[in-house]
Every structure is written in structure tokens, then in C-alpha cells.
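This is what each chain is made of:
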Amino acid sequence: MAKEMKVEIVTKETVKPSTPTPPSLKTYNLSLLDQFVPDCYVSILLFYPANFDKGNEKIDNISHCLKSSLSEALTRFYPFAGRVNDCNTSIDCNDEGAIFIEARVEGVMALVLDEYSDFSIRKKFRLGGKEYPEKAEIENHLLQVQANFFECGGLVIGLSMSHKLADASTMSTFIKAWSDTSLNSDNTPAISYSDFSMASILPASLSRTPYSVPPNLAVQKRYVFDKCKISLLKEKAIREGVMDPTRVECVSSLLWKCLISAKSRFRVESTQLSSIFNQLVNLRTRSIPPLPPNSIGNIMLISYGITCTEDQTKINLRDLIIKMRKGLDDVCKIAKNGFKTEEILKNVKEWVALLIRHGLDSYSCASWCRQPFYETDFGWGKPTWVCPGAGADENFFTLVDTRDGLGIEAWCALSEQLIDFLEQDEEFLTFATI
């Protein structure tokens, strides 16, 4: 029923900064870390319940509020209204603007929530319903917003930002600035929401993106670890000898362990003898001195842990967490040493060499936990649910807080065969709700 839900685009327009960008800021330089990121979008969906009138006049008022506050926010986040230069070293801050789409949705939001894991539904709420935009579109439109108004009065805001300029932390900073502007439209606080200094710390040094990643979207499933199951999982890790395990460590290590077990059930003999778990690490608080939390850009590196998978009986959470922490420490040293270009290039080259090695299963994880997405209030209350808006490549996981901030939703893009095995794993089902 929900899969047949119709989303009709009513309007599509360009929203420009409320104030022109001064000539001194017309060029925004990318950092080396920005250059490593392939051309794609970071997307999020914010679900708001039907707590306002459903009439067209009210919808027009909300749409106007979103657009006018977006225009104000773009003045402070001016690179997102620009375009990527062909050289892949900078953004032309030409104020050409962001895309704003208004859509009407037949049906009620509850039907979507019943089918939460179905990407064929969720993708309709951002980027005009496109599954994987072309590179040219991403370069020409660094920010796209889609406001989806349901017949029931519910609203889903889909926001997509070019990964060239934004990681999850940047997206969170922008959303807060935008919603604060909307909430305080008559008295916008004079707060600096953005820090664009990363390029001065780590200038771009590549002539182009060093690699291109073709889309390889897989079936995406959501697994919920509520606060009670997280507590049990932490207790298990502590019994195995882990000191102060975190939510993210526990869920990540359990996923890695169970996927190693699942993969072994259809492994060809003498292949895939090792497994690597990659984590995108936010480095803002890990440098010395710490970078401002509102630093804009891709201020992250990939840490990784590798384990031998020949003997399943010897793999436990403790060993996997130790390997993950070792990889994290190695990456943090780069941040603490001042983001030296040679150290970053060496780290990336070593990681790429591992990925192309024969017999290595690879899984990657991004954590959005502790980002205040559930605090996003444009003036009609906070969202009841937040989730990734984009599909994901195979073997990629996104970890998102549950609404209470104590549990984790793990969005896992896996082959159907791996999903089948994972959902039959008794240890996994002890902690995860399908």
C-alpha cells in the first residue's frame, strides 16, 4: 500500500542568499580532505507529525517560511549557493543558489513509517525522487531541499548536501542554523554558525578527485538497538574485558562479528581470509587544539581494523573493539600532529592498498550518533523520526540515534544473502530488533 504512494512535485525553484556574497569571499577553497570525497550527496529526512492545519494557505505559509529562512542561512553558508570549479580545488561562490522542491504526497505519513526500510519509498522525498543523481547535477547544485506535504498534514523535509562540502557534522551545523533562523524569523540571533578555516589548515593539493566510486546500491535494512539492549551489549563487552565500551563500539563490533560469521557460511574455501572494518572518524574534537565544532567541510578520515576470519570461534567483541580502537588511535595521531599532508596521503594510500588486496572482506560505517538532528525545530515542533535519505553502497552502515538518544538505529546496506544469514543469527537477534 505505501509502496504505491504518489509524490507529486508542485514547484521547483532556486533559492539564493538573502544578501550577495562580497567579492572577497567569491572563492572558497576546498581542503585536501574535501578532495578525497567522491561526487555524491549526503541526505537526511526529517519527519514532522500532523500538528498543523492541512489547508493550502497553511502549506504556503510553511513553504514560504522554509524558503525565506533558507535564503538567510545561505548568506552565512555562502559556498552552498555556489558551484564546484572544474579543477576540484575550490567553489565558485556565485550565489546561483540552492534547489527548493515542494511536493504533495497522497496518503498518510503512518504508511511510510510502516515501510521505513524501503528505499524505493524514502528516495521519493529528496532530490525529486532520483535514486543516484548525475555528477554534473551534484556539481551544479550543492544543496537541494524537498518539502513533502502529506494529505494528513504531516511533513517530511528532505535535505541533500554535496559531500564535496559536507560531512554529517557539517550537515547538522547547517540544519541547526537554518531551523534557528526559521524559528526566530523576527529576531534572528547574531551567531556565527560556520567556520570555514579548514582549507587554510590543510590546503587542497590534488588536481582531481583521486578515485571515482560508481554506485553499487544494495538492499538497505534498519536494525534497532534500544537502550535496554545497548546496556546488555555493553555488559557483554565488559565481561569480555572491554574498558568503558561505547554504544557505537558495541553495535559496530556486533555487526562486524555477525557478518564475519554470516559470510563464512557461503565463503569459497581459501578466499576472504581476512575482514576489514572501516569507520569514518570526525576529527574536530580530536585535533590539538580542537577545531571549532561548527567547522565546515569533510573533517574526517577513515580508521580501520583488520582481523583474520579463519577461526570463527576465536572472534569476540573484545578483540574486534581493540582492533577498532587501534585504528582510531592511528588516525587521531594525524589530527593531533596538525593534519600534515604527507601523513594523510600515506594513510590513504595504505588504506586503498588494503582494499584492493585479494581475500579481504570490507565493511564501512559512518556514525551520526550525538548529532542533534532530533532537536531540529523550524517553528512547528521537533521531528518524530530522523533517518538517512540516500541509499548506500553494499556493505556500508549508517548509525543514527533513536529518538530518546540512548539507542541506535543501524541502517545496513547488504546483499540479500547476507541479510538472510544475519537475520537468522541468534546472537544478533538477542540485541537487534528487525
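A few points on the structure.

Rules used throughout
- Within any chain, residue numbers begin from 1 and follow the written order of that chain's sequence.
- Where totals are concerned, whole chains, interfaces and linings use all residues; where local detail is concerned, this predicted model gives features only for residues with pLDDT of at least 70, and gives and counts side-chain atom pairs only at 80 or more.
- Hydrogens and waters are ignored; side-chain quantities use all the structure's heavy atoms.
- Strand pairing requires that DSSP identify at least two bridges connecting the strands.
- Comment: elements are numbered from the N terminus, with helices defined as DSSP H or I runs of at least four residues and strands as E runs of at least two.
- Lines fitted to C-alpha atoms define the axes here, with helix axes fitted over just the stretch in contact, and angles between the N-to-C directions of these axes take values from 0 to 180 degrees.
- Working rule for contacts: check all heavy atoms of both residues, and any pair within 4.5 Å makes them a contact.
- Put simply, two rings from Phe, Tyr or Trp (the six-membered ring, in Trp's case) pair if the centres are within 6.5 Å, and we call them stacked under 30 degrees between planes, edge-to-face over 60, tilted for the rest.
- The classification of residues rests on relative accessible area computed with a 1.4 Å probe and restricted to protein chains. Under 20% of the type maximum is buried, over 50% is exposed, and intermediate values are partly exposed.
- Here a salt bridge means any side-chain nitrogen of Lys or Arg lying within 4 Å of a carboxyl oxygen belonging to Asp or Glu.

Strand order in the open sheet made by the six strands is 1-6-7-8-3-13, with mixed pairing throughout. Every interior strand has two partners, whereas the edge strands, strand 1 (7-15) and strand 13 (385-388), have only one. For this sheet, the mean inter-axis angle between neighbouring strands, taken without regard to orientation, is 15°. Sheet topology places strand 6 (residues 98-105) next to strand 7 (residues 143-150); seven bridges connect them, and they run parallel. If you follow E102 over to strand 7, its bridge partner there is A147. Relative to strand 8 (residues 155-162), helix 6 (residues 168-183) is tilted by about 130°, and along the sheet it contacts strand 3 (41-48), strand 7 and strand 8.

Mapped onto the elements, T307 comes out in strand 11 (residues 300-308). The residues contacting T307, other than those within four sequence positions of it, are W256, I260, L273, S274, S275, L320 and K323.

Quick look at the packing of aromatic side chains now. Working definition: an aromatic ring pair is given by the centre-to-centre distance plus the angle between the planes. Throughout the structure, instances matching the rule amount to 18 aromatic pairs. Taken together, a centroid distance of 4.9 Å and an interplanar angle of 45° make the contact between F47 and W385 tilted. One end of the pair, F47, is in strand 3; the other, W385, is in strand 13, with 338 residues separating them in the sequence. Per residue, the accessibility class of F47 equals that of W385, and both read buried.

What follows concerns the pattern of salt bridges. Enumeration according to the criterion identifies 18 salt bridges in this entry. Note that E427 and K257 form a salt bridge whose closest N and O atoms lie 2.7 Å from each other. Of the two residues, E427 sits in helix 13 (residues 426-431) while K257 sits in helix 9 (residues 247-264), which places them 170 residues apart along the sequence. By relative accessible area, K257 is classed as buried at 18%. E350 is paired through a salt bridge with K346; the nearest N and O atoms lie 2.6 Å apart. Residue E350 and its partner K346 are located together in helix 11 (residues 341-355), separated by four residues, close to a single helical turn. A network of salt bridges, in which partner residues are shared, links K236, E240, K257 and E427.

Here we take up the sheet that holds strand 15 (residues 408-414). The sheet built from six strands is open, its strands ordered 9-15-14-12-10-11 with mixed pairing. Where the open sheet ends on each side, the last strands, each with one partner, are strand 9 (219-225) and strand 11. Adjacent strand axes in the sheet meet at a mean angle of 20° when their direction is disregarded. With seven bridges joining them, strand 10 (residues 274-282) and strand 12 (residues 360-367) adopt parallel strand pairing. Paired with I276 across the two strands is S362, which belongs to strand 12.

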